[in-house]
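Each chain, written out:
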Amino acid sequence: MSESSSKTLFEQLGGEAAVDAAVDIFYRRVLSDHRINRFFDNTDMDQQAAKQKAFLTMAFGGPNNYSGTDMRTAHAKFVKMGLDDSHFDAVVENLAATLQELNVPEALIAQVAAVAETTRNDVLGR
Amino acid sequence: MTEQKIQLGEQSILCKPDESLLNALLREQVDISHSCHQGACQSCLLRSLDGAPPIEAQHGLKEGLKKQNYFLACLCYPQQAMRIAHRHHTDFMTHGTVSAKQALNAETLLLTLDLDEPMDYYAGQFVNLQRDDGLSRSYSIANNRIHSKQLSFHIRRLAGGRFSSWTHEDLNLGDRIAVSEPQGLCYYLPDKPDSPLLLIGTGSGLAPLAGIISEALHQGHKGDIYLYHGSRDLNGLYWVEEMQALAETHANFHYHPCISSGEPPEHVFAGRANDVAFSQLPDLKGWRIYLCGHPDMVSNTKRQAFLKGASLSDIYADAFHVASGSLD
């Protein structure tokens, strides 16, 4: 316990290699999820994957320059399309399922979900 | 560390020690797309013209981009003077002479150019061809790298297409045409010789795919190679006998011509090329995928291939956008 608590969340998860392993799985889950995939219909997949990677790095507690304003601007058009808490919950659910698939311990998954949670109001434009 | 001189086209700037190239360019008000400043979004992609850029500046890029000396300005701390170019650098570099014209089918022409100087290209890349008056279009290279001074193209006549009509009707043997440097990332990479390849193309999308297949077989690719070439009807298919002959001589090459309307004859499949492919190949984990042709087919198929397990970094796509001026 003392060993793991001296490492950051990002280090415990496995750093950038863990993000790389997670991004395809996470994005594939999101695109397959009928509750939310309509929001991803017209996006360039490579650009979208790069954004997912930036988001996962942030949620994993890694180095980032997260900007709430950017998050609001990027999601404003989806809020107009009806993006709400249920969709945000679905994304967090897919994030947790991705980490489970990668055998990440539940305690760490809860920490990642908590970091992701801090973006909720920015994403939903509140 | 000292300041390094950076040359971008006509403009020359100085990058300070401990300053990223992106920050130097922004400081000098160079118009460059950028967003995350940390190597994730890849908006600030540039290309080094003098050889390999600092290796850290290529972190996270696809192999094809690395090989062509692309790099990210935000991760680049120059250690020496650099000459760089924007990602879409399209100076015309050489000329070619028309050495052959041959009809592949009613609407597609095989055009062969003999270049003035050898070109270092990869099968599957494209070049811009330019007429004397400046009219220019992108065409995929249809042959493999064995011919460094000869390029061939499949030019499909489009309704109202000014460039394609001109090549079909008015371009003669011996005529000269300007050729840009090769571009594009949809080409064969020899780094995974055992992985299966799936190639799906519609119409003249066969051109780059045929080049890629020829290059793969030439380099002794061991994994299975599946080609699905689609067209609306039999008139749009071509090189059927050539591809069948190739399949007979190479046990790992599998050829599937597909037509989306009408009753197919023997050895031709009914349905769109991507649908036929995915009905036969349920799991694409570990595959490398090449998609060329109609933009809708390319974007839909990219998504399908990803959902069937292919990694995004293993999907190479080249959408053939029709120039808006073609229909004037």
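It should be emphasised that the depicted structure is a prediction, and the values quoted were computed from it without experimental measurement.

### Some words on the sheet that holds strand β5 (residues 82–86) of chain B
Residues and elements named next belong to chain B.
For step 1, the next point in the chain: On the basis of which strands lie adjacent, the open sheet formed by five strands has the order β2-β1-β5-β3-β4 and mixed pairing. At either margin of the open sheet sits one strand with a lone partner, and together these are β2 (11–15) and β4 (70–72). Direction aside, neighbouring strands of the sheet carry axes that sit 40 degrees apart on average.
For step 2, the next point in the chain: Relative to β2, strand β1 (residues 4–8) is paired through five bridges, and the arrangement is antiparallel. Across the sheet, residue K5 finds its bridge partner in β2, namely L14.

### Focus: helix α4 (residues 206–218) of chain B
Residue and element names in this part refer to chain B.
For step 1, the next point in the chain: With 13 residues, α4 extends 18 Å between its outermost C-alpha atoms, agreeing within 8% with the 18 Å of an ideal straight helix rising 1.5 Å per residue.
For step 2, the next point in the chain: Counting buried positions along α4 gives eleven out of 13 residues, so the element sits mostly inside the fold.
For step 3, the next point in the chain: The set of residues buried in α4 consists of L206, A207, P208, L209, A210, G211, I212, I213, E215, A216 and L217.
For step 4, the next point in the chain: Positive backbone phi, at 75 degrees, marks G220, one or two positions downstream of α4.

### So, the side chain of E181 of chain B
For step 1, the next point in the chain: Considering the arrangement of structural elements, one finds E181 of chain B in the loop between β11 (176–180) and β12 (197–202).
For step 2, the next point in the chain: At a separation of 3.0 Å, a polar atom in the side chain of E181 of chain B contacts the side chain of R47 of chain B.

### Here's the deal with the nonpolar core
For step 1, the next point in the chain: Residues F60 of chain A together with L198 and Y228 of chain B are the most contacted members of the largest nonpolar core, which totals 58 residues.
For step 2, the next point in the chain: For this core, the element with the highest residue contribution is helix α3 (residues 15–32) of chain A, accounting for eight residues.
For step 3, the next point in the chain: Excluding residues that lie within four positions of it along the chain, Y228 of chain B makes contacts with L198, L199, I200, G201, H256, C258, A273, V276, A277, Q280 and L281 of chain B.
For step 4, the next point in the chain: Counting 26 residues, the second-largest nonpolar core is a separate cluster that includes L104, I212, I213 and Y316 of chain B.

How each quantity is defined
Residues numbered from 1 in each chain as written. Chains lettered and ligands numbered in written order. Predicted model: local features only at pLDDT ≥ 70, side-chain atom pairs only at ≥ 80, totals over all residues. Heavy atoms only, no water. Pairing = 2+ DSSP bridges. Helix = DSSP H or I, 4+ residues; strand = E, 2+ residues; numbered from the N terminus. Axes fitted to C-alpha atoms, helices over the stretch in contact; angles between N-to-C directions. Expected span 1.5 Å × (residues − 1). Buried < 20%, exposed > 50% of the residue type's maximum accessible area, 1.4 Å probe, protein only. Polar contact = N/O pair within 3.5 Å; in protein donor to acceptor, adjacent residues only side chain to side chain. Core = buried A, V, L, I, M, F, W, Y, C linked by side-chain atoms within 4.5 Å. Contact = heavy atoms within 4.5 Å.

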